[in-house]
Amino acid sequence: MLCPQCKIAPMYVKNDKGERRVVYVDENYNIIPKHEDESLEGFDLSEVYCLGCSWHGSPKRLVR
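Residues numbered from 1 in each chain as written. Predicted model: local features only at pLDDT ≥ 70, side-chain atom pairs only at ≥ 80, totals over all residues. Heavy atoms only, no water.

Participant: In this structure, what is going on with the pattern of salt bridges? I would like to understand it.
Facilitator: Between side chains of opposite charge, pairing is possible as soon as their charged atoms come close. All chains considered together, the criterion is met by one salt bridge. Salt-bridge contacts for Arg21 lead to Glu38; the nearest nitrogen and oxygen are separated by 3.9 Å. Taken together, the residues Arg21 in strand β2 (residues 20–25) and Glu38 in the loop between β3 (31–33) and β4 (48–50) connect sequence positions 17 residues apart. (Salt bridge = Lys/Arg side-chain N within 4 Å of Asp/Glu carboxyl O. Helix = DSSP H or I, 4+ residues; strand = E, 2+ residues; numbered from the N terminus.)

Participant: What am I meant to see in the environment of Tyr24 here?
Facilitator: Structurally, the position occupied by Tyr24 is in strand β2. For the pair formed by Tyr24 and Leu40, sequence separation is 16 residues and the distance between their alpha carbons is 12 Å. Filtering out sequence-adjacent residues up to four positions away, Tyr24 remains in contact with Ala9, Pro10, Asn30, Ile31, Ile32 and Lys34. (Contact = heavy atoms within 4.5 Å.)

Participant: I would appreciate a short explanation of the pairing of strand β1 (residues 11–14) in the present structure.
Facilitator: Looking along a regular strand, one sees side chains alternate from face to face of the sheet. Strand direction decides the pairing type here: β1 and β2, joined by four bridges, are antiparallel. Bridging across to β2, Met11 finds its partner in Val23. Across two bridges, β1 lies against β4 in antiparallel orientation. Looking at the pairing, Tyr12 lines up with Tyr49 of β4. (Pairing = 2+ DSSP bridges.)

Here it is in structure tokens:
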């Protein structure tokens, strides 16, 4: 899935400490870490942030 604003796929999610994990969102809105060995435990998966522009929001707002 792609950013609705700039149409790129890489996103990131954040946790309470402000740490970031680069992720992708698949067509079923599953959030997948870029690096398979990284855990998303403790990260807020209800909001994703675009790596290419200032857009952020629900993964369900991403476009194909």
